[in-house]
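Commentary on secondary and tertiary structure
Letter by letter, the chains look like this.
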Amino acid sequence: MKKLLILFVGLSFILESCNTQNADNQNTQDHLIMSVLWYQKSAEMKAMYYQCFNWAKMRIDMKLDDQIDLPKAVVVDIDETMLDNSPFETNCIRTGIGYTKETWSEWTSKISATALPGALEFSKYAQSKGVEVFYISNRSVDDFDVTLKNLQQVGFAFADSSHLLLKTNTSSKKARRDLVKENYEIILLIGDNLGDFSEIFEDRSTNYGFETVEENKDKFGDLFIMLPNPMYGSWENAVFNNQRGLSDQEKYQLRKENLIGY
Ligand SMILES: [Mg+2]
């Protein structure tokens, strides 16, 4: 009887530990489950990417006859624009460990990100129309070789070192866009983050940056093509009150506090 009691207490302790573990996980990376599921398993996601890239091709057609002295170029972001990194997000959920430089490098070094729906065809279409594609990404320059290899492995047009501009010391892409503008006219920008288009969207400290989008609403679908990414992005900065170094628990609370109910 005494042995049974000890066994029961022992089992209760193990079960309690498991529950605590689950509760901890729920407070760290489980918020990603629905967004990653949507990204990977909803036909709507595929349709939306096709819709955006189909429209981007039409925008190229519309601008082909524009008389511009400089050659024409399209600027695209890489992650969640041309390449699908959602398996990395899945790994965050499974391990309970979010983005770190180390975990991200572990993923990028696998060189196994696949093309997003319509992205590969779009790059080739632009090339067929004499429009160059520049890849401006906030992947670190430390990841230059693996990123270039991944783009080449997938078969993207203009996947070479002169068309790939990664992050050196600033997340702002303005300087890299300006570099492209020295020799090209940028006729279209495609991304999943507003900062992929213009520096005016970088500051989200006032009302989530909504007003800046309102003031520039005519540019969407015209110069800017916005792709969906519910998994992460600069929009999170506003949710976290632009604070850095928050704990997972603090982030969890702020996500809940920012929800609009009724
Ligand atoms: Mg991106």
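Our subject is the structure listed above.
Note that this is a predicted model, so its numbers are computed, not measured. (Residues numbered from 1 in each chain as written. Predicted model: local features only at pLDDT ≥ 70, side-chain atom pairs only at ≥ 80, totals over all residues. Heavy atoms only, no water.)

**Some details on the overall build of the protein**
When its secondary structure is counted, the protein shows 11 helices and 7 strands. By residue count, 42% of the 262 residues in the protein fall in the buried class. Summing over all exposed atoms, the protein offers an accessible surface of approximately 15,000 Å²; the carbon and sulfur share of this is 55%. (Helix = DSSP H or I, 4+ residues; strand = E, 2+ residues; numbered from the N terminus. Buried < 20%, exposed > 50% of the residue type's maximum accessible area, 1.4 Å probe, protein only. Areas by Shrake-Rupley, 256 points an atom, 1.4 Å probe, with all protein chains shown as cover.)

**Quick notes on the coordination of the magnesium ion**
Protein ligation of the magnesium ion involves D77 (OD), D79 (O) and D192 (OD), the donor distances falling in the range 2.1 to 2.2 Å. Motif for the magnesium ion, donor spacing along one chain: D-x1-D-x112-D. On the criterion of sequence distance, the pair formed by D77 in the loop between β1 (72-76) and β2 (83-84) and D192 in the loop between β6 (185-191) and α9 (210-215) is long-range, its members being 115 residues apart. Judged by its relative accessible area of 7%, D77 falls in the buried class. (Donors = N, O, S within 2.8 Å, 3.2 Å for Na, K, Ca; no water.)

**A closer look at the nonpolar core**
Membership of the largest hydrophobic core comes to 42 residues, with the highest contact counts inside it found for V74, F122, Y135, F156, L188 and I190. Take this core: its biggest share by element is 6 residues, from helix α3 (residues 43-63). Ignoring sequence-local partners within four residues, the contact set of F156 consists of M82, L83, A115, A119, L120, S123, Y135 and L151. Core analysis: the next-biggest nonpolar cluster, separate from the first, contains 13 residues, F134, I136, F197 and F201 among them. (Core = buried A, V, L, I, M, F, W, Y, C linked by side-chain atoms within 4.5 Å. Contact = heavy atoms within 4.5 Å.)

**As for the packing of helix α2 (residues 33-41) against α3**
Two numbers describe a pair of packed helices, the interaxial angle and the distance between the axes. Where α2 meets α3, the closest approach of the two axes is 5 Å, and the angle between their N-to-C directions is 65°. On the side of α2, the interface is formed by W38, Y39 and K41, while α3 contributes A43, E44, M45, M48 and Y49. A breakdown of the residues in the contact of α2 with α3 according to their chemical character gives 6 nonpolar, no polar and 2 charged. (Axes fitted to C-alpha atoms, helices over the stretch in contact; angles between N-to-C directions. Nonpolar A, V, L, I, M, F, W, Y, C, P; charged D, E, K, R; others polar.)

**Section: the side chain of S86**
Mapped onto the elements of the fold, S86 is located in helix α4 (residues 86-95). Within the local environment of S86, its side chain forms a polar contact with the side chain of Q40, the two groups lying 3.0 Å apart. Here D84 takes part through its side chain, which lies 2.7 Å from a polar atom of the side chain of S86. Excluding its chain neighbours within four sequence positions, the residues that come into contact with S86 are V36, Y39, Q40, E80 and M231. (Polar contact = N/O pair within 3.5 Å; in protein donor to acceptor, adjacent residues only side chain to side chain.)

**Remarks on the pattern of salt bridges**
Taken as a whole, this structure holds 8 salt bridges when the rule is applied. Residue K101 is joined to D142 by a salt bridge in which the shortest nitrogen-to-oxygen separation is 3.4 Å. Residue K101 is found in helix α5 (residues 101-108), and its partner D142 is found in the loop between β4 (132-140) and α7 (144-154); the two are separated by 41 residues along the sequence. We classify D142 as exposed; its relative accessible area is 58%. Across the pair K174 and D178 runs a salt bridge whose closest N-O atoms are separated by 2.7 Å. Within this pair, K174 and its partner D178 are both found in helix α8 (residues 174-181), separated by 4 residues, close to a single helical turn. For K174, a relative accessible area of 33% gives the class partly exposed. Its relative accessible area of 30% is what places D178 among the partly exposed residues. Salt bridges sharing common partners tie together D77, K173 and D196. (Salt bridge = Lys/Arg side-chain N within 4 Å of Asp/Glu carboxyl O.)

**Focus: a nonpolar patch on the surface**
On the surface, I33, M34 and L37 cluster together to form a nonpolar patch covering roughly 300 Å² of accessible area. Mapped onto the fold, I33 is located in helix α2. Of the residues examined, I33 reaches a relative accessible area of 35% and is grouped as partly exposed. (Patch = residues over 30% accessible without salt bridge, like charges linked within 9 Å, V, L, I, M, F, W, Y side chains within 5 Å.)

**Details of the packing of aromatic side chains**
Evaluated as defined, the whole model comprises 13 aromatic pairs. Ring geometry for F134 versus Y184: centroids 4.9 Å apart, planes at 65°, classification edge-to-face. Taken together, the residues span a long stretch of sequence, with F134 in strand β4 and Y184 in the loop between α8 and β6 at a distance of 50 residues. Of the aromatic side chains, those joined through ring pairs into one cluster are F197, F201, F220 and F224. Over the ring of Y125 we find K57; its NZ or CZ atom is 5.7 Å from the centre of that ring. (Phe/Tyr/Trp six-rings, centres within 6.5 Å; stacked < 30°, edge-to-face > 60°. Lys NZ or Arg CZ within 6 Å of the ring centre and 35° of its normal.)

**Overview of the pairing of β6**
Buried residues dominate β6, accounting for 6 of its 7 residues. Summarising the sheet, β6 and strand β7 (residues 224-226) pair through 3 bridges and their orientation is parallel. Bridging from a neighbouring strand, L189 pairs with F224 of β7. (Pairing = 2+ DSSP bridges.)

**Points about unusual backbone geometry**
Of note, F158 is a non-glycine position whose phi angle comes to about 60°, a positive value. Mapped onto the secondary structure, F158 falls in the loop between α7 and β5 (164-167). With a phi angle near 45°, N207 is a residue other than glycine that sits in the positive phi range. Relative to the assigned elements, N207 resides in the loop between β6 and α9. By relative accessible area, which is 38% here, N207 ends up partly exposed.

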